Amino acid sequence: MDTDSNSGNTPAPWHARTAESVAAGLAVDSAQGLSPEEAASRLAKFGANAIRETAKRGVLAMAIGQFRDFTTLVLIGAAVIAGFVGDLSDTVVISAIVVLNAAIAFTQEFRAQKAIIALRRLAAAKSTVIRDGHRRVVDAKELVPGDIVALEAGGSVPADIRLAWVAQLKIAESALTGESVPVEKHCRVIEAESLAIGDRSNMAFKGTTVAYGRGRGIVVATGMQTELGLIARLLDAGLESKTPLQLRLAQFGRRLGLIVIGVCAVVLAVGLARGEPAGIMFLTAISLAVAAIPEALPATLAVSLALGARKMAARMALVRRLPAVEALGSVTYICSDKTGTLTQDRMHVEQVVSADGISWPGAAASGAEPWASLFTALALNNDVEERPGGIPFGDPTEVALYRAALEAGYARAEIERDRPRVLELPFDSERKRMTTLHPDATGFVAYTKGAPEAVVKRCQRALNAAPRATFDAEGAFDIAGLMASEGLRVLAVARRAWPTLPADAELRHAEQDMTLLGFVGLIDPPRPEAAAAVAACKKAGITPVMITGDHPNTARAIAERLGISDDATQVVSGVQLGQMTDRELADRITHTRVYARVDPLQKIRIVDALQAQGEFVAMTGDGVNDAPALQHANIGVAMGKTGTDVAREAASLVLLDDNFATIVAAVGEGRRIFDNVRKFIKFLLTGNSAEIWIIFLAPFLGLPIPLLPIQILWVNLVTDGLPALALSAEPPERDLMAKPPRPPDESVLAGGLWQHALWVGLLIAGVSLLAQAVAFHSGSTNWRTMVLTVLVLAQLWHVLAMRSFRTSIFAQGLLSNKPVLAAVVLTFALQMAVVYVPALNAILDTAPLTAKELGLCFALSTAAFVAVEIEKILVRRGLLYRS
């Protein structure tokens, strides 16, 4: 018996063998089926027809795994130190942040494991088989290779099957292949051995659905050996990649932790060398360590991502994994499905052409020939069902033809009152045409539509738009070929007059000696907004790529209309891709814009090839076949309206409107969020840098320790909290989508961020120490309160000035980010309370300042604002931080 495990010469693929050969190879009688005993023996040999799940990490292991990240360990250490110092509020806050982050990561990992579960639900529960010559209903999991299975409309295909008999069988394979319309099936041999799944039209695959007709076939693969099983294996092997920000922050956290430990050790050593009390210096060093660790960063990031996710949901993009919100900003390639994402997911009559190549001029000419006969044929030769409210329901192609006739003024319901259908020859995949007969004023007329090669050769004349003496069959084929080259699905329409109703014996002649009426070209048209979205992608430095299960000509036509591709050499078929070596693919990958007829492994190969070039890839998809690539891509984007549960579980983002333009909007939101993340990192590091500089430099300037441990923690609390959080609401920069994507491996401190944190922190420390020096040497006892006040006020001026990397606050306007303004006002009020409320004076060891002292603090603190505004002028002129 032929199986995948046979040794020796590899047999021809199932689709390239006759049904009889397949039956013989699987040792089964097509009429009798397997015996129960043989079926049981094969079940023991091949196993259940089910999608297996491999062992996953247990819940406890997943939970513990969330606390192994270096940044998380640093935060835990900061919480312990804060508790040791006596700042229990910081301990509680930091601990809550760590637990919250761990809970979010745990939820994401748990959800990722549900994709396989959703895949298993696709399997049919019951199947009709023939065993010992009798039809039986058995559990689908009991099917074995060699079983003879019956397929009926509305049922699921329970295994991979080589079809042996069909009756107008159409199978919806979009979930598996991406094909937008049900595929017509036949049982003939297909000679080509290397074919995409969508081209194996004599096969039925596990997990697909019978849309129309009936069929019977031989099971050739079950369980994990099916095409669906292959996808399950790919999903199980797939590893979710971390987002750029996750990688950057992990690296940043490691470096910052080491730097903070080193700096605090130096501060402790210098203080002890100067003879400062050991207890005070130890607490100062520990307090500085707690202050230098930006424990508010994870919380601020979580809030920023959550707010971004909320905005995306309002724009029809549902975020399933929060880190994906920011990661969209790094996208350099968007690999998009065609059907429903770039197109409208409905067939539409694009062209109506006469037999002599003249296009329909419009509704005004609908009453003239050949248009009157052509549209009458489209209305009558149609199986669309009219539902309440006049809504057409049926095959997508038939619905499109029905609508075209209706828009031209030919309503089927009205025409059928006088010309009801009296006979028909249904469409089948052998004849590739459909004929209906109707009464006419002169007798009866037969209308035929179908593939041009199945109709034109049976015509002897044509009803031309311009008078012609003879029928030009070759010219008609050229017209159809030209339409097909434009990516249209072409149907030929013809008629034949009968003086009397033909007898049953004459029906076979109804499709001979016909008059060609013309051609109809159909296509799933692009979404109106898709072209603008593609243009926006290109402007933003993002390369859009189409990956589809449709025919290469159709894919190329849509890609050209949308501006994705303007060169036929940029189109690669699945067969061509399968013949390429990895080196050849690497050479072509950055030039190819359209992939057609690709299988799941090839989609992963495309993603891998792009990632090997350093690209950050977003992949869209809706079918089961898309799930492995969605999981493998940097960002997986599933369709919400038409997508399968499997695709949605494997994705990070779900488009509720299945619209490509929504992805582009989400990319813009991702970029805004990353910009804001960099802004609050910039703000936090600058403040922490200032605190470190103040403590570090004071001894070298002959000044006492400027701040007590409790005061350091106070600054950390008021400035790392509300102002930093408020930056997450910052609107996008004006040129956000006019810049290329940031490199995925670019440091979070790039673009002058670390230089800014260093020199602005030094400036804030300088003015703070200047206030201390003036007060200390003038004999004022309020010098420590003045240092604290200058430090806090300078950071408030700083947060106002650094809201944009380039644009002046005067151009932005104070009210363009009301949360930041409110945070500044509230923090200022809190600092004034610390200075002037006696109860707080006792806690934080502060004292009320005189009007002169407060004025000096206020004046000195504005230096940060002025300096950052000057910095932005230099940046705008290209004199600073050029990348």
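Residues numbered from 1 in each chain as written. Predicted model: local features only at pLDDT ≥ 70, side-chain atom pairs only at ≥ 80, totals over all residues. Heavy atoms only, no water.

### Topic: the environment of A309
Line of reasoning, step 1. By the element assignment, A309 lies in helix α11 (residues 296-314).
Line of reasoning, step 2. Along the backbone, A309 and R320 are 11 residues apart, and their C-alpha atoms lie at a distance of 8.9 Å. (Helix = DSSP H or I, 4+ residues; strand = E, 2+ residues; numbered from the N terminus.)

### Concerning a positive patch on the surface
Line of reasoning, step 1. Among the surface-exposed residues, K739, R806, R876 and R877 lie close enough to one another that they form a single positively charged patch.
Line of reasoning, step 2. You can see R806 is positioned in the loop between α29 (783-801) and α30 (809-812). (Patch = residues over 30% accessible without salt bridge, like charges linked within 9 Å, V, L, I, M, F, W, Y side chains within 5 Å. Areas by Shrake-Rupley, 256 points an atom, 1.4 Å probe, with all protein chains shown as cover. Salt bridge = Lys/Arg side-chain N within 4 Å of Asp/Glu carboxyl O. Lys, Arg positive; Asp, Glu negative; His and termini not counted. Charge placed at Lys NZ, Arg CZ, Asp CG, Glu CD.)

### Focus: the pairing of strand β14 (residues 433-440)
Line of reasoning, step 1. Within β14, 6 of the 8 residues are buried, which leaves the element mostly enclosed by the surrounding structure.
Line of reasoning, step 2. The sheet contact formed by β14 and strand β15 (residues 443-450) spans 8 bridges and is antiparallel. Within β15, the position partnered with P439 by the bridge is F444. (Buried < 20%, exposed > 50% of the residue type's maximum accessible area, 1.4 Å probe, protein only. Pairing = 2+ DSSP bridges.)

### Details of the packing of aromatic side chains
Line of reasoning, step 1. With the rule as written, the count across this model stands at 7 aromatic pairs.
Line of reasoning, step 2. With 4.8 Å between their ring centres and 65° between their planes, W360 and F375 make a pair best called edge-to-face. Of this pair, W360 sits in the loop between β10 (348-353) and α13 (371-380) while F375 is found in helix α13, placing the two residues 15 residues apart along the sequence.
Line of reasoning, step 3. Residue classification places F375 among the buried residues on the basis of a relative accessible area of 0%.
Line of reasoning, step 4. Plain terms: the ring middles of F375 and Y410 are 6.0 Å apart, the flat faces sit at 20° to each other, and that makes the pair stacked. Taken as a pair, F375 in helix α13 and Y410 in the loop between α14 (396-407) and α15 (412-418) lie far apart in primary sequence, 35 residues in all.
Line of reasoning, step 5. Overall, the relative accessible area of 14% leaves Y410 in the buried class.
Line of reasoning, step 6. Here the aromatic cluster, defined as three or more aromatic residues joined through ring pairs, consists of W797, F810, F858 and F865.
Line of reasoning, step 7. Lying over the aromatic face of F393, R387 brings its terminal NZ or CZ to 3.6 Å of the ring centre.
Line of reasoning, step 8. The ring of F805 is capped by K679, whose NZ or CZ atom sits 5.3 Å from the centre of that ring. (Phe/Tyr/Trp six-rings, centres within 6.5 Å; stacked < 30°, edge-to-face > 60°. Lys NZ or Arg CZ within 6 Å of the ring centre and 35° of its normal.)

### Describing the environment of K338
Line of reasoning, step 1. On the secondary structure map, K338 appears in the loop between β9 (333-336) and β10.
Line of reasoning, step 2. Residue class for K338 comes out buried when judged on its relative accessible area of 1%.
Line of reasoning, step 3. Setting aside residues no more than four positions away along its own chain, K338 makes contact with T343, D524, M546, I547, T548, D550, T554 and I558.
Line of reasoning, step 4. Side chain to side chain, K338 and D550 meet in a polar contact 2.7 Å long. (Contact = heavy atoms within 4.5 Å. Polar contact = N/O pair within 3.5 Å; in protein donor to acceptor, adjacent residues only side chain to side chain.)

### Side note on unusual backbone geometry
Line of reasoning, step 1. Of the consecutive residues E369 and P370, the connecting peptide bond is found in the cis state with omega at 5°.
Line of reasoning, step 2. Along the chain, the position of P370 falls in the loop between β10 and α13.
Line of reasoning, step 3. Even without being a glycine, D513 presents a positive backbone phi close to 55°.
Line of reasoning, step 4. Turning to its location among the elements, D513 is positioned in the loop between β17 (489-498) and β18 (514-523).
Line of reasoning, step 5. One non-glycine residue with positive phi stands out, namely D845, at about 55°.
Line of reasoning, step 6. Locating D845 in the fold gives a position in the loop between α32 (838-844) and α33 (851-876).

### Some points on the sheet that holds strand β24 (residues 653-655)
Line of reasoning, step 1. Reading across the sheet, the 8 strands line up as β8-β24-β23-β22-β9-β19-β21-β20 and stay open at both edges, with mixed pairing between neighbours. The strands lining the two open edges of the sheet, one partner per strand, are β8 (317-319) and β20 (571-573). Neighbour to neighbour, the strand axes of the sheet diverge by 20° on average, direction disregarded.
Line of reasoning, step 2. As judged from the 3 bridges shared by β9 and strand β22 (residues 617-621), these two strands associate in the parallel manner. Its bridge partner being in β22, I334 is matched across the sheet by A618.
Line of reasoning, step 3. The sheet strands contacting helix α22 (residues 600-612) are β9, β19 (543-548), β21 (594-596) and β22, and the helix crosses β22 at an angle near 165°.
Line of reasoning, step 4. Sitting on the sheet, helix α25 (residues 660-697) is in contact with β8, β9, β19, β22, β23 (635-639) and β24, with an inclination near 160° to β9. (Axes fitted to C-alpha atoms, helices over the stretch in contact; angles between N-to-C directions.)

### Some details on the pattern of salt bridges
Line of reasoning, step 1. The final tally for this structure, using the stated rule, is 25 salt bridges.
Line of reasoning, step 2. Among the ionic pairs, E184 bridges to R489, the shortest N-O distance being 3.7 Å. One end of the pair, E184, is in strand β5 (residues 183-184); the other, R489, is in strand β17, and 305 residues separate them in sequence.
Line of reasoning, step 3. R489 gets classed as partly exposed once you look at its relative accessible area, which sits at 34%.

### Examining the nonpolar core
For soluble globular proteins, the rule of thumb is that nonpolar side chains tend to be buried together.
Line of reasoning, step 1. In terms of nonpolar packing, the biggest core is built from 113 residues, with I334, F519, L653 and F660 touching the most fellow members.
Line of reasoning, step 2. The element best represented in this core is α25, accounting for 15 residues.
Line of reasoning, step 3. Excluding residues within four positions of it along the chain, F660 makes contact with I334, S336, T341, L342, A533, V534, C537 and P544.
Line of reasoning, step 4. In terms of nonpolar packing, the next biggest core, distinct from the first, is built from 52 residues, I130, V220, Y333 and V572 among them. (Core = buried A, V, L, I, M, F, W, Y, C linked by side-chain atoms within 4.5 Å.)

### Quick notes on the pairing of β23
Line of reasoning, step 1. With 5 of 5 residues buried, β23 is to be regarded as a mostly interior element.
Line of reasoning, step 2. Burial along β23 is two-sided: the residues I635, V637 and M639 and G636 and A638 are all buried.
Line of reasoning, step 3. The pairing of β22 with β23 spans 4 bridges and is classified as parallel. Paired with A618 across the bridge in β23 is I635.
Line of reasoning, step 4. Each parallel crossover has a hand, and for β22 linked through helix α23 (residues 627-632) to β23 it is right-handed.
Line of reasoning, step 5. As defined by bridge partners, β23 adjoins β24 across 3 bridges and the pair is classed as parallel. Bridge pairing in β24 links V637 to L653. (Right-handed = clockwise from strand over helix to strand, strands pointing away.)

### Points about helix α28 (residues 753-777)
Along an α-helix, residues three or four apart share an orientation, since each turn contains 3.6 residues.
Line of reasoning, step 1. Relative to the 36 Å expected for 25 residues at 1.5 Å per residue, α28 spans 35 Å between its end C-alpha atoms, a close match to the ideal helical length.
Line of reasoning, step 2. Remark: G779 follows α28 within two positions and exhibits a positive phi of approximately 90°. (Expected span 1.5 Å × (residues − 1).)

### Some remarks on a nonpolar patch on the surface
Line of reasoning, step 1. Together, V866, I870, L874 and L879 make up a nonpolar patch on the protein surface, roughly 340 Å² of accessible area in all.
Line of reasoning, step 2. Tracing the sequence through the fold places V866 in helix α33.
Line of reasoning, step 3. V866 sits in the partly exposed class, given a relative accessible area of 46%.

### What about the packing of α13 against α14?
Line of reasoning, step 1. Between α13 and α14, whose axes approach to 8 Å, the crossing angle comes to 135°. Classified by the angle their axes make, α13 and α14 are oblique. Taken as a pair, α13 and α14 cross one another with a handedness that is left-handed. Contacts from F375, L378 and A379 of α13 reach α14 at L401, A404 and A405.
Line of reasoning, step 2. For the contact of α13 with α14, the per-class residue count stands at 6 nonpolar, no polar and no charged. (Parallel < 35°, antiparallel > 145°, perpendicular 65-115°, else oblique. Left-handed = near helix turned anticlockwise from the far one by under 90°. Nonpolar A, V, L, I, M, F, W, Y, C, P; charged D, E, K, R; others polar.)

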